[in-house]
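Chain by chain, the residues:
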Amino acid sequence: MPAAPSPRVKSIEPLSIVFADDGLVPNNPMPFLVYKAVIDLGGADPAADIEGVFAANGWGDMWRNGVYDYLHYHATVHEALGVAGGTARVRFGGDQGQELELRPGDVAILPAGTGHQCIAASSDFCIVGAYPPGPKMQITRPTPENHARASKTIPEVPMPATDPVLGAGGPLTRLWQQAR
């Protein structure tokens, strides 16, 4: 049986947004990035297509699911979310952030501390989450106590060596180094 073709990845510049600390959600001075329709999901298993792209670029500890419907963030690790199926409206940056429509082939990359919450999703919505090497993901809810702890841990989260979509020469490394 022939091997499945690997997904095509477009070399495009992501949407880049910096969310301010709102007092409960710390966000990050490094920009939140969104690649729109960056991965061509032509294979029989779109989630596997995304997993292959992330793994090839050194991001792992992957899972398949959706985005929680409550506001949260990760204070010890950066996160990549690749849309494998369906659509969703997700608010990034906390209650004062921005809602974006996510579709198959889109990838959102959240620097540590970036708030996110699913506002609405189709019944077939599926994302692949992945992380650069380092600490395990921990879910943090927006409280004053958590914010105080996160303001200490977020600056210590290491810079990823690669962009989860476009590798070592991808925009993430350039944009995040400029912001540090």
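Computed from a predicted model, the values in this text were never measured in an experiment. (Residues numbered from 1 in each chain as written. Predicted model: local features only at pLDDT ≥ 70, side-chain atom pairs only at ≥ 80, totals over all residues. Heavy atoms only, no water.)

Topic: the overall build of the chain
A tally of helices and strands in the chain yields three helices and 11 strands. Along the chain, helices and strands appear, N-terminal first, in the series β-β-β-β-α-β-β-β-β-β-β-β-α-α. Taken over C-alpha atoms, the radius of gyration comes to 15 Å for the chain, in line with the 16 Å a tight globule of 180 residues would show. Over its C-alpha atoms, taken along the principal directions, the chain stretches across nearly 55 × 35 × 25 Å. A total of 180 residues make up the chain; the buried ones form 48% of that total. (Helix = DSSP H or I, 4+ residues; strand = E, 2+ residues; numbered from the N terminus. Rg over C-alpha atoms; globule rule 2.2 N^0.38 Å. Buried < 20%, exposed > 50% of the residue type's maximum accessible area, 1.4 Å probe, protein only.)

Things to note about unusual backbone geometry
Leaving glycine out, the prevailing phi sign among residues is negative, and the prevailing peptide bond configuration is trans. In this model, Asn27 sits at a positive phi of 55 degrees, which is unusual for a non-glycine residue. The topology assignment puts Asn27 in the loop between β2 (15-17) and β3 (32-35).

Here's the deal with helix α1 (residues 46-56)
Regarding α1, the residues found buried are Ala47, Asp49, Ile50, Val53 and Phe54. Down the axis of α1, the smallest arc covering the buried residues is 160 degrees, so these residues share one side. Of the surrounding elements, those touching the buried residues of α1 are β1 (8-9), β4 (39-40), β5 (60-65), β6 (79-85), β9 (107-110) and β11 (126-131). Backbone geometry just after α1 places Gly58 at a positive phi near 85 degrees. (Arc of directions from axis to C-beta. Contact = heavy atoms within 4.5 Å.)

Considering the sheet that holds strand β7 (residues 88-92)
Paired through backbone hydrogen bonds, the strands of a sheet run either parallel or antiparallel to each other. Ordered by their spatial adjacency, three strands build an open sheet running β8-β7-β10, and the pairing between neighbours is antiparallel. Each having just a single partner strand, β8 (98-102) and β10 (116-121) make up the two edges of the open sheet. Neighbour to neighbour, the strand axes of the sheet diverge by 25 degrees on average, direction disregarded. Sheet analysis places β7 next to β8, joined by five bridges and oriented antiparallel. Across the sheet, Val90 pairs through a bridge with Leu100, a residue of β8. (Pairing = 2+ DSSP bridges. Axes fitted to C-alpha atoms, helices over the stretch in contact; angles between N-to-C directions.)

As for the nonpolar core
Judged by nonpolar contacts, the single largest core of 21 residues is most densely connected at Ile39, Ile50, Phe54, Trp59, Val107, Ile109 and Trp176. Elements with a minimum of two residues in this core: β3, α1, β6, β9, β11 and α3 (171-179). If we skip the residues at most four places from it in the chain, Phe54 touches Trp59, Met62, Ala80, Leu81, Gly82, Val107, Val128, Ala130, Pro164 and Val165. Phe92, Ala108, Leu110 and Cys118 belong to the second-largest nonpolar core, a separate cluster that totals 17 residues. (Core = buried A, V, L, I, M, F, W, Y, C linked by side-chain atoms within 4.5 Å.)

Points about the confidence of the model for the chain
Residues shown with low pLDDT carry predicted positions that ought not to be read at fine detail. On average, residues of the chain score 94 in pLDDT, and 96% of them reach the 70 mark or higher. In the predicted structure, residues 1-5 sits below a pLDDT of 50 and forms zero contacts with residues beyond four places in sequence or in another chain. (pLDDT = per-residue confidence, 0-100.)

Some words on the sheet that holds β11
Here six strands make up an open sheet; going across it, the order is β2-β3-β9-β6-β11-β5 and the pairing antiparallel. Here the strands that pair on one side only, and so sit at the sheet edges, are β2 and β5. Pairwise comparison of adjacent strand axes, ignoring direction, gives a mean angle of 15 degrees for this sheet. Strand direction decides the pairing type here: β2 and β3, joined by three bridges, are antiparallel. Each residue of the ladder has a partner; that of Leu15, found in β3, is Val34. Where α1 meets the sheet, its contacts fall on β5, β6, β9 and β11, and the angle it forms with β6 comes to roughly 155 degrees. In the packing of α3 onto the sheet, the strands contacted are β3 and β9, and the crossing angle to β3 comes to about 160 degrees.

Concerning the pattern of salt bridges
Tallied over the entire structure, the rule returns nine salt bridges. Of the charged contacts, one joins Lys36 and Asp106 as a salt bridge, the two residues approaching to 2.7 Å between their closest N and O atoms. Of the two residues, Lys36 is situated in the loop between β3 and β4 and Asp106 in the loop between β8 and β9; the sequence distance between them amounts to 70 residues. A salt bridge links Asp61 to Lys136; the nearest nitrogen and oxygen atoms lie 3.6 Å apart. Taken together, the positions of Asp61 in strand β5 and Lys136 in the loop between β11 and α2 (144-153) put the pair 75 residues apart, joining distant regions of the chain. With relative accessibility at 42%, the residue Asp61 sits in the partly exposed group. Bridged by salt links that share partners, the residues Arg89, Arg91, Asp95 and Glu99 form one connected network. (Salt bridge = Lys/Arg side-chain N within 4 Å of Asp/Glu carboxyl O.)

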